[in-house]
Amino acid sequence: MLSPSSIFANELKVYNSKSGTKEAFVPLKEGYVGMYVCGPTVYSNVHLGNCRTFISFDIIFRYLSHLGFKVRYVRNITDVGHLENDADEGEDKIAKKARIEELEPMEIVQKYTVDFHQTLNQFNVLAPSIEPTATGHIIEQIEIIKSIIEKGYAYEKNGSIYFDVIAFNASHDYGKLSGRNIEEMRSETRSLSAQDEKKNPQDFALWKKTSAKHIMRWPSPWGEGFPGWHIECTAMSSKYLGDQFDIHGGGMDLKFPHHECEIAQAEAHTDKNPVKYWLHANMLTLNGKKMSKSTDNNIYPFEIFSGENKLLSKTYTPAVVRFFMLQAHYTSILDLSDNALTAAEKGYQRLSEALELLKNLSSSHTSSINIQQWVADCYAAMNDDFNTPMLIAKLFEACKFIQAIKDEKESISKEDLNILQKNIREFTADVLGVQFESSKSSKESSKLISPLVEMLLEERDLARENKDYQKSDEIRDKLKQLGIEIKDSKEGTTFSFNK
Ligand code: AMP
Ligand code: ZN
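Residues numbered from 1 in each chain as written. Chains lettered and ligands numbered in written order. Predicted model: local features only at pLDDT ≥ 70, side-chain atom pairs only at ≥ 80, totals over all residues. Heavy atoms only, no water.

Caption draft 1: Structural view of the packing of helix α1 (residues 48-66) against helix α10 (residues 318-326). In the contact formed by α1 and α10, the axes pass within 10 Å of each other and the chain directions differ by 75 degrees. One element, α1, and the other, α10, form an angle in the roughly perpendicular class. Within the contact between the two elements, α1 uses Leu48, Arg52, Ile55, Asp58, Ile59 and Arg62 and α10 uses Val321, Arg322, Met325 and Leu326. Among the residues forming the contact of α1 with α10, the class breakdown is six nonpolar, no polar and four charged. (Axes fitted to C-alpha atoms, helices over the stretch in contact; angles between N-to-C directions. Helix = DSSP H or I, 4+ residues; strand = E, 2+ residues; numbered from the N terminus. Parallel < 35°, antiparallel > 145°, perpendicular 65-115°, else oblique. Contact = heavy atoms within 4.5 Å. Nonpolar A, V, L, I, M, F, W, Y, C, P; charged D, E, K, R; others polar.)

This is the structure:
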C-alpha cells in the first residue's frame, strides 16, 4: 500500500461536474491516481484555447504528483473518427485536411502531433505517462463494440454500428453527466442523412462503414470502416486505467455528447460506473466568444510569442502566457486581451524579482512572520479544487514580506528561511510549472545584446533604403532563428526576445 507523502493529501477537494459539488478526493486505490484526459484531434495547429485545457490538467497532474500520489496520466491523440461538426455524418476532420493540403492523412497526423508537442513543451507542460492513439487501438475498439452489441445496446445498419440510446436508457440513465433528457437531445439533433440509418436520432455511431477509396479504413466483423469518435476514449481509458478509474478530464465543450457517450458505452460494456470524478476545464475566450478552430476566432501561440498578430501590442513569452492562464481558476471562463496579458506580465516580473531577492535574503534569530501558516495557506488554496489564483495571491503576499525582510522591517529565522525557499521553489517550479527567469542575468545579457541587435537593424535599414531586400530579409530571418523577433511599424522597427 502506497501512502501519499504529503500530510496535506487528505484534504484535497475536487469539483465533480457529474454531481455538481466539491467532493473529498479519495482515490479508488490508496496512493494511486488514474487520470484520463481527451487529447487533441490532430488536424490543425493547436490554438491557445486548446492549450488552456491542457495546461489546466497539467496543473492537476503536477499537484497530485507533488502530494505524493503515484499518478498514471493518459492523454490520447485522436487521429481518426472525429467527423466534421462533431457529428456522425460528414468528412473525417483529418481526411478533409489531407485533401486540402494534398498530403496523406498520416502526414497530417504527424505534422500536427509534432506541433502539439512542441507547443506544449514551450508552455512547460509535462508529458503524460501514456499517449495512446485511436488508430493504434482499433482492435480494442472493435472488441468493445462487439460486447455492446451482445448486451443488446447497439445494432448494425448497412455495415455501420449505432448505439441504441433508448434501449440503454430503459435500464440506465443516459444524460446524467450533462443533465439533459432524451427529448431535449432529440430536438438538438440535426437532420443528416446518417439519421436515416438510425433507429432514433439520439443514437450515435460506434463504427462507420466506408468505401474502398478511403485509406483510413480497417476490417471488422461488419465490413471495412472506421471507429466512431467516442469509442476510442472508452477503449484507451479502460485499457490503461481499468474499467473504473479516478479522474476523467477534458474541456467543458466535451461534456455532451462526447463524455456522455463515453459513460454510456462503458456502462453498456461492463455495467460499472467508469469514472469517479469528472473534471471539466472552462473555455478561453477571445472577444468574449469561445476560441475555436472552426469559427476562426482564435489565436495561435506562435502569434503571441512572435507578435505576428493584429490583436496584441507586443510579444509575450510562453511563461507569461502560462502565468496569465493560472491567474484564473480552471473552471472559470477566461478572456484573452492585451491588457490582461500586460497585467499578468507585471505580476510575473514582480514574482521574478522577489525570487531573486529571496536567494540572498539574510536571516535573524527569530521570525516576525508565521511561515508555517503561510505554507498551510498555499496547500489550502491548491486543495480547494486546484485554486491557482488563490495560490498566486499567497505568492504575492510572500513578495511583500520578502521585500519587508530585505528592508529589515520584518525578520526571518534561518530555519523559516529554508522553509520559505523550499516551498516557494516547489509551488512555482513544480506545482505551477512557471519558469521564472533570473531578472538579473536577463538584464545583464540584454545590456550587451540590445546594442548589437540595434547595430544589425541599422544595417537592415540601410539595405532597405538601397532596395537590397534579399539582405534585409536575411538579417530578419537570421535574427528570428536566434529567437529575436523584429516588428516593423510606422514608428520604426522594434525587436523582442522569444523563449
Ligand atoms: P479538439 O482538438 O478540438 O478535440 O480540442 C482539444 C481540447 O481543447 C478539448 O479538450 C477541448 O475541449 C479543448 N478546447 C477547445 N476549445 C477550447 C477553448 N476555447 N478553451 C479551452 N479549451 C478548449
Ligand atoms: Zn475523449
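Caption draft 2: The arrangement of the sheet that holds strand β4 (residues 70-75) in detail. A sheet is described by the order of its strands in space; here four strands give the open sequence β4-β3-β9-β10, paired in parallel fashion. The sheet terminates laterally at β4 and β10 (275-281), the two strands that pair on one side only. Direction aside, the axes of adjacent strands within the sheet are offset by 20 degrees on average. Relative to strand β9 (residues 245-251), strand β3 (residues 32-37) is paired through three bridges, and the arrangement is parallel. Along β9, the bridge assignment pairs tyrosine 36 with histidine 248. (Pairing = 2+ DSSP bridges.)

Caption draft 3: Summary view of the coordination of the zinc ion (ligand 2). Around the zinc ion (ligand 2), the protein contributes the donor atoms Cys38 (SG), Cys233 (SG) and His258 (NE2), which lie 2.0 to 2.2 Å from the metal centre. If you list the donors of the zinc ion (ligand 2) from N- to C-terminus, the spacing comes out as C-x194-C-x24-H. Placement of the pair is cysteine 38 in the loop between β3 and α1 and histidine 258 in helix α8 (residues 255-270), with a sequence separation of 220 residues. Here the two residues cysteine 38 and histidine 258 agree in accessibility, since each one is buried. (Donors = N, O, S within 2.8 Å, 3.2 Å for Na, K, Ca; no water. Buried < 20%, exposed > 50% of the residue type's maximum accessible area, 1.4 Å probe, protein only.)

Caption draft 4: Highlighting the side chain of threonine 53. With respect to the helices and strands, threonine 53 occurs in helix α1. Relative accessible area serves as the criterion here: at 10%, threonine 53 is assigned to the buried category.

Caption draft 5: Structural view of the site of ligand 1. Not every one of the 16 residues close to ligand 1 is listed here, only the nearest: Gly49, Thr53, Asp253, Leu284 and Met291. Interatomic distance of 2.7 Å between a side-chain N/O atom of threonine 53 and a nitrogen atom of ligand 1. Coverage of ligand 1 by the protein amounts to 94% of the 490 Å² it exposes when considered alone. Among the elements that take part in the shell around ligand 1, α1 stands out by supplying four residues, more than any other. (Near = heavy atom within 4 Å. Polar contact = N/O pair within 3.5 Å; in protein donor to acceptor, adjacent residues only side chain to side chain. Areas by Shrake-Rupley, 256 points an atom, 1.4 Å probe, with all protein chains shown as cover.)

Caption draft 6: Quick look at the sheet that holds strand β8 (residues 225-227). Pairing is antiparallel in the open sheet, where four strands are placed in the order β5-β6-β7-β8. Both outer strands of the open sheet, β5 (154-157) and β8, are each paired with one neighbouring strand and no more. This sheet shows a mean twist of 20 degrees between the axes of neighbouring strands, independent of strand direction. Bridge analysis of β5 against strand β6 (residues 160-163) gives four bridges, and the strand direction is antiparallel. Along β6, the bridge assignment pairs lysine 157 with serine 160.

None of this, on its own, says anything about what the molecule does.
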